Amino acid sequence: MFIAMNRFKVTKGSEEDFEKVWAERDSHLEEVPGFVEFRLLRGPEAEDHTLFASHTIWKDRAAFEAWTRSEAFRKAHAGAGDRKVLYLGHPQFEGFEVILEGR
């Protein structure tokens with residue numbers, strides 16, 4: 001399993017707009033083989049931003065990498081540059097291979 005995360009520093013006061021963009025977007029993830037699950041996480045607040053993270057789970061790293069080269073990826077990210085006003089800097093990507101799993 002592979003977990004892909006993007007961290008966003010959302011400008012104070014833009015949290016609701018940021019959440020709305022994610023709630024209303026068509027991610028096209030269901031079209032991609034190997035996709036397992038998605039979550040949008042809201043984290044701690046700082047003086048100038050609130051931390052958010054998009055969190056997707058994939059069958060493996062190869063499935064995630066195939067997604068990044070797919071037409072579904074291009075569709076899901078169309079117009080993403082128009083929303084940069086909502087956050088500080090570029091999103092920070094982090095990818096993780098799952099080593100242990102449990103409940």
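Residues numbered from 1 in each chain as written. Predicted model: local features only at pLDDT ≥ 70, side-chain atom pairs only at ≥ 80, totals over all residues. Heavy atoms only, no water.

A. The sheet that holds strand E2 (residues 35-45), seen in detail. The 4 strands lie next to each other as E2-E3-E1-E4, forming an open sheet whose pairing is antiparallel. Every interior strand has two partners, whereas the edge strands, E2 and strand E4 (87-97), have only one. Sheet twist, expressed as the mean angle between neighbouring strand axes with direction ignored, is 15°. In terms of strand pairing, strand E1 (residues 2-11) meets strand E3 (residues 49-58) through 10 bridges, oriented antiparallel. (Pairing = 2+ DSSP bridges. Helix = DSSP H or I, 4+ residues; strand = E, 2+ residues; numbered from the N terminus. Axes fitted to C-alpha atoms, helices over the stretch in contact; angles between N-to-C directions.)

B. Broad picture of the pairing of E2. Bridge count between E2 and E3: 8 bridges; the pairing is antiparallel. Its bridge partner being in E3, Glu-45 is matched across the sheet by Thr-50. Counting the residues in the hairpin turn of E2 and E3 gives 3 residues.

C. Region of interest: the side chain of Ser-54. Here Ser-54 lies in strand E3. Ignoring anything within four residues of it in the chain, the contact list for Ser-54 reads Ala-4, Met-5, Asn-6, Phe-8, Trp-22, Phe-38, Arg-39 and Leu-40. (Contact = heavy atoms within 4.5 Å.)

D. Layout of the environment of Leu-40. The topology assignment puts Leu-40 in strand E2. Residue Leu-40 is classed as partly exposed on the basis of its relative accessible area, which comes to 28%. Residues Leu-40 and Glu-19, spaced 21 residues apart in sequence, show a C-alpha to C-alpha distance of 8.4 Å. Each residue touching Leu-40, except ones within four places of it in the same chain, is listed here: Phe-18, Trp-22, Phe-52, Ala-53 and Ser-54. (Buried < 20%, exposed > 50% of the residue type's maximum accessible area, 1.4 Å probe, protein only.)

E. Seen up close, the nonpolar core. Judged by nonpolar contacts, Phe-2, Ala-4, Leu-29, Val-32, Trp-58, Ala-63, Phe-64, Trp-67, Ala-72 and Ala-76 together constitute the single largest core of 10 residues. Mapped by element, the contributors of at least two residues to this core are E1, helix H2 (61-68) and helix H3 (71-76). The dominant element in this core, judged by the number of residues it contributes, is H2, at 3 residues. Once residues within four sequence positions are removed from consideration, Trp-58 is found in contact with Met-1, Phe-2, Ala-4, Leu-29, Val-32, Pro-33, Gly-34, Phe-35, Val-36, Ala-63, Phe-64 and Trp-67. Among the nonpolar cores identified, the runner-up in size contains 7 residues, and Val-10, Phe-18, Trp-22 and Tyr-87 belong to it. (Core = buried A, V, L, I, M, F, W, Y, C linked by side-chain atoms within 4.5 Å.)

F. Local environment of the pattern of salt bridges. In total, this model carries 7 salt bridges according to the counting rule given. Across the salt bridge formed by Arg-74 and Glu-71, the nearest N and O atoms sit 3.2 Å from each other. Remark: Glu-71 and Arg-74 occur in helix H3; sequence separation between them is 3 residues, near one turn of the helix. (Salt bridge = Lys/Arg side-chain N within 4 Å of Asp/Glu carboxyl O.)

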